[in-house]
Structures are given as structure tokens and as C-alpha cells.
Amino acid sequence: LLRRHMGQYDATVVSRLKAAGAILLGKTNLDEFAMGSTTTSSCFGATRNPWNRDRSAGGSSGGSAAAVAAGLVPFALGSDTGGSVRQPAAHCGVTGFKPAWGSVSRYGLVAYASSLDAVGVLARSAKDAGLVHQIIAGPDSRDATTCIDAAASRIFGPNELTQLRIGWCPGHFSGSRDVPRGADQVERAIRELGRIAGQLVEIDWPHEAVLPATYYIIAMSEASSNLSRFDGIRFTRRAGGPGKSVDAMITATRSAGFGAEVRRRILLGTFALSSGSYEQFFAQASRVRRLVRDGLLNLLERVDLLALPVTTGSAPRLDAPDDQVAEYQADQFTVAANLAGLPAIALPCGIDGEGMPVGMQLMTRPDRESLLFAVGNAWQAATDWHLRRPSGA
Ligand code: GLN
């Protein structure tokens, strides 16, 4: 629908970067309306992974991750509603940071699911990601939801950084679940991080089995409402000839302009919000979400950080058969941070048996974003995974 659309004003994140002297090179590819995990729903086609061109760069911000991994740019932006910064960062071997909800202005960002969306940074190191985040973060009078001041994030002293309590769930790497490609590398990395930064504490991950379902009901419901603004009246291409009623024009525009995945989500989201299903789906998901958030915030009273995988495997092949449910399920490690509004970072931590990068994920409390950069920095001072490049880059 927005294929030829040019933004008519700068987003706050863009004007802040320009004011700081950044040179903006262009827009990068992503899944249509950021709905997806592989960029295959983009109307421009899929982004290939610089590490192996038969594989996806991940998504939805696959173009941003590929551009950083290939060395085209030192950093790129992306939005993270359920993992779209962290997952492509992990698949492309770069660092991806998702801020706390309310930390970065979304003025000028196309809304997907407003209670989950956050503007994040993809960069070659935690240090670079932190520098960019500092520039774009902070209250903005044009976005009343900027309620967290990154500058007020508690700074941890060097001594504290070796005495952290890091919660992890050994069940992520063994037990009944299918242990995915790359799990060994993540488990090893978490153990090593424990030695570098303090001690590991075993925890149970709250409500783990229902995270993707909860996320997708909420994300699709909010999307069905947010995307109703794309109606062919302003901004977008209009379908249908003269003489049609307004309703017929809007229907024709939306049917012609939205791709299959976006239409599916609008339909499912509208269903979840409809009067016969609201209680069973949207309201129920909202209650579960509160339990997830309370559970994670409680854990973060006992530990400083939570460490876990980013993805359930390395980047998928682009010719893999379509399995939408499996694709949704694969977001199980990233959506918790969005449901709870927590900041999270994806750090390169290994290469799997097929030569593809693997990432580990750290989360913390909303008022401690700076801890993620500090620990990421310590991890990258002790390891060189973030320095590995795909051949040719
Ligand atoms: N894969 C998730 C989805 O399709 C995440 C997308 C995102 O963070 N924008 O909704």
C-alpha cells in the first residue's frame, strides 16, 4: 500500500540523528508493515543473509541487519514489536538493542501494535548501539508515551559489573523441547557470561508456553485497529474507478494494497476484538500479559539480568516451505520483553555447525537500559564474536 510513499516529515529519531551529524543513507527492507520474521512478506522481495545468500536475513528488520553485517553502514534502525530488531541481529551476527517501552519516541514510526512497538538499534557492537540509543532516546513532546528517561538509567560501577546475578533457565537448552541448532553455543555463552559478570541463578521462565499465543492475539488486535487508517483517502494509493461508493473504494484499496500476511492479521485481529470473541481472546490475552509482566518484574527483583537465546535456530533457508504457525512459535524468546515492556539486547555469541551466527539475549528492568550496554561491552571485550564478518564484508 505504501510502496511509493515518501515520508512527508522526519520521525523524531531521524531528526535527532541528523542533528547529531549522522548521514542518513536510505531506507532498508522489512516485512510488510513489520509483520514477519524473514522479510519474505516485503513487497520488494526477501533480504538475503550476507553470511549465506540462500538464507533469510531474519525479520522484520532484515534489511537493517544485513546492511550492518555486510559493512554498508555502521548502524541502522529498526522497530521491535515482538523481536524484529533482536532476531535479525542474531541471524546476521550483529548487536541489536530493543529499548524499554516508552524510552524512544515513536513520532513518525508507522504503528504496528502500539503497546508493544519500540524503535531499536542494530550496530556492530554494544558500544555503538549504546551511543546511537543515547542520541535517539528521551522524552519527546510529540509522543506522550515517552515516559522513560534513558539518561536517568542507573549506571553500574566497574566493580558491580563483576558481581551481577544473572537468571537463566537450563530448560531452554534441554528437557522436553527440541533443542535447536545453536543452543549449545548459547548455553556455553551464558555460562561464560556468568564467569565474567558474576553468578548464574537458575529460574523458571514465567508462562513460557503461552507467550507466542498471547503476543500474537494482542499484536494482531492492535494492528487491525492501527491499520484502519490506511484507507485510500490520504497518503496511500487508491483503487477502484470513479462512481464507486466510499465503502467500495476503501474495500478495493485495502484488498488490492495489503499483502496476504497483513490481510490475515487484520482479519484475525478484528475477530479477536469482535463482541463474541473479545472476552475469550483479547481480554484473556491481556490478563495473561499482566501475569507475564508481573512474573518477569518479580524475577528482576531477585536477579539483575535474564539471559536466554534470541531465536529457536539460526537463519532459515529462503526456500524452506511456508509454515506460518512454526514461524509465529519461533518468536517465543523475544516476545516476553515486548509483552513486559523490558529492554533487551541481542549479542553475537557463536557460529553454529552450518557456519551461521548465533545470538544470546539479555533483558533487564525498564530503568536499567544502561546495564545492557555495560554488560554487552564487557562481553565483547572478552570475546570476538561481534568482530566476525561474513566473507566479502
Ligand atoms: N515476528 C513478529 C511478528 O511478526 C515480530 C515483528 C516485529 O517485531 N515487528 O509480529
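So, here's what we can say about the structure. (Residues numbered from 1 in each chain as written. Predicted model: local features only at pLDDT ≥ 70, side-chain atom pairs only at ≥ 80, totals over all residues. Heavy atoms only, no water.)

### A closer look at the overall build of the protein
1) Next: Within the protein, the regular secondary structure consists of 12 helices and 10 strands.
2) Next: In terms of overall size, the protein behaves like a compact globule, its C-alpha atoms giving a radius of gyration of 20 Å where 393 residues would be expected to give roughly 21 Å.
3) Next: For the C-alpha atoms alone, the extent of the protein along its principal axes is close to 70 × 45 × 45 Å.
4) Next: For the protein, the residues scored as buried account for 56% of the 393 residues in total.
5) Next: Partitioning the intrachain contacts of the protein with sequence separation of at least 6 by distance along the chain shows that 74% fall at a separation of at least 24.
6) Next: For the protein, the computed accessible surface area is about 17100 Å², with 53% contributed by carbon and sulfur atoms. (Helix = DSSP H or I, 4+ residues; strand = E, 2+ residues; numbered from the N terminus. Rg over C-alpha atoms; globule rule 2.2 N^0.38 Å. Buried < 20%, exposed > 50% of the residue type's maximum accessible area, 1.4 Å probe, protein only. Contact = heavy atoms within 4.5 Å. Areas by Shrake-Rupley, 256 points an atom, 1.4 Å probe, with all protein chains shown as cover.)

### A few points about the nonpolar core
1) Next: Within the largest apolar cluster, 43 residues are counted, with the highest numbers of intra-cluster contacts made by Trp-205, Leu-296, Leu-306 and Met-363.
2) Next: Every element with two or more residues in this core is listed here: α6 (211-226), α8 (260-273), α9 (279-302), β8 (305-309) and α11 (335-340).
3) Next: When sequence neighbours within four positions are dropped, the list of residues in contact with Leu-306 reads Gly-167, Ile-203, Trp-205, Leu-296, Leu-299, Leu-300, Gln-361, Leu-362 and Met-363.
4) Next: Grouped together as the second largest cluster of nonpolar side chains are 40 residues, Trp-168, Leu-193, Leu-372 and Phe-373 included. (Core = buried A, V, L, I, M, F, W, Y, C linked by side-chain atoms within 4.5 Å.)

### Structural notes on the packing of α6 against α8
1) Next: Between α6 and α8, the least distance of the axes is 7 Å, while the angle of their chain directions is 100°. Taken together, the axis directions place α6 and α8 in an arrangement best described as roughly perpendicular. Between α6 and α8, the residues in contact are Tyr-216, Ile-217, Met-220, Ser-221 and Ser-224 and Arg-265, Ile-266, Leu-268, Gly-269, Thr-270, Ala-272 and Leu-273, respectively.
2) Next: The class makeup of the residues in the contact of α6 with α8 is seven nonpolar, four polar and one charged. (Axes fitted to C-alpha atoms, helices over the stretch in contact; angles between N-to-C directions. Parallel < 35°, antiparallel > 145°, perpendicular 65-115°, else oblique. Nonpolar A, V, L, I, M, F, W, Y, C, P; charged D, E, K, R; others polar.)

### Comments concerning the environment of Asn-377
1) Next: Within the element layout of this structure, Asn-377 appears in helix α12 (residues 369-382).
2) Next: Its relative accessible area of 33% is what places Asn-377 among the partly exposed residues.
3) Next: Distance in space between the C-alpha atoms of Asn-377 and Gly-130 is 9.5 Å, their sequence separation being 247 residues.
4) Next: Among residues more than four places away in sequence, those in contact with Asn-377 are Ala-126 and Lys-127.

### Observations concerning helix α2 (residues 62-69)
1) Next: With eight of eight residues buried, α2 lies mostly within the body of the structure.
2) Next: Turning to α2, its buried residues are Gly-62, Gly-63, Ser-64, Ala-65, Ala-66, Ala-67, Val-68 and Ala-69.
3) Next: On its buried side, α2 packs onto β1 (48-49), β3 (75-79), α3 (86-92) and β5 (119-123).
4) Next: Backbone geometry just downstream of α2 places Gly-71 in the positive-phi region, at approximately 80°.

### Some details on the pairing of strand β2 (residues 52-56)
1) Next: Looking at chain direction, β1 and β2 are connected through two bridges and run antiparallel. Bridging across to β2, Arg-48 finds its partner in Ser-56. (Pairing = 2+ DSSP bridges.)

### Focus: the site of the ligand
1) Next: Neighbouring the ligand are 15 residues, the closest being Thr-81, Gly-82, Ser-84, Tyr-112 and Tyr-215.
2) Next: Between the ligand and Ser-37 there is a distance of 2.9 Å, counted from a nitrogen atom to a side-chain nitrogen or oxygen.
3) Next: Within the side chain of Tyr-216, one N or O atom sits 3.4 Å away from an oxygen atom of the ligand.
4) Next: Here the ligand has 290 Å² of accessible area as a free molecule, and 100% of this is covered by the chains.
5) Next: Of the residues assigned to the shell around the ligand, the class counts are five nonpolar, seven polar and three charged. (Near = heavy atom within 4 Å. Polar contact = N/O pair within 3.5 Å; in protein donor to acceptor, adjacent residues only side chain to side chain.)

### Considerations on the packing of aromatic side chains
1) Next: Under the defined criterion, the tally for this structure stands at nine aromatic pairs.
2) Next: An angle of 50° between the planes, with centres 5.1 Å apart, marks the rings of Phe-33 and Phe-230 as tilted. Taken together, the residues span a long stretch of sequence, with Phe-33 in the loop between α1 (12-19) and β1 and Phe-230 in the loop between α6 and α7 (246-257) at a distance of 197 residues.
3) Next: Given a relative accessible area of 8%, Phe-230 falls into the buried group.
4) Next: Taken together, a centroid distance of 5.6 Å and an interplanar angle of 45° make the contact between Tyr-278 and Phe-282 tilted.
5) Next: A connected cluster of aromatic rings, assembled from ring pairs, spans Phe-33, Phe-230 and Phe-258.
6) Next: Just above the ring of Phe-156 sits the side chain of Arg-154; from NZ or CZ to the centre is 4.0 Å. (Phe/Tyr/Trp six-rings, centres within 6.5 Å; stacked < 30°, edge-to-face > 60°. Lys NZ or Arg CZ within 6 Å of the ring centre and 35° of its normal.)

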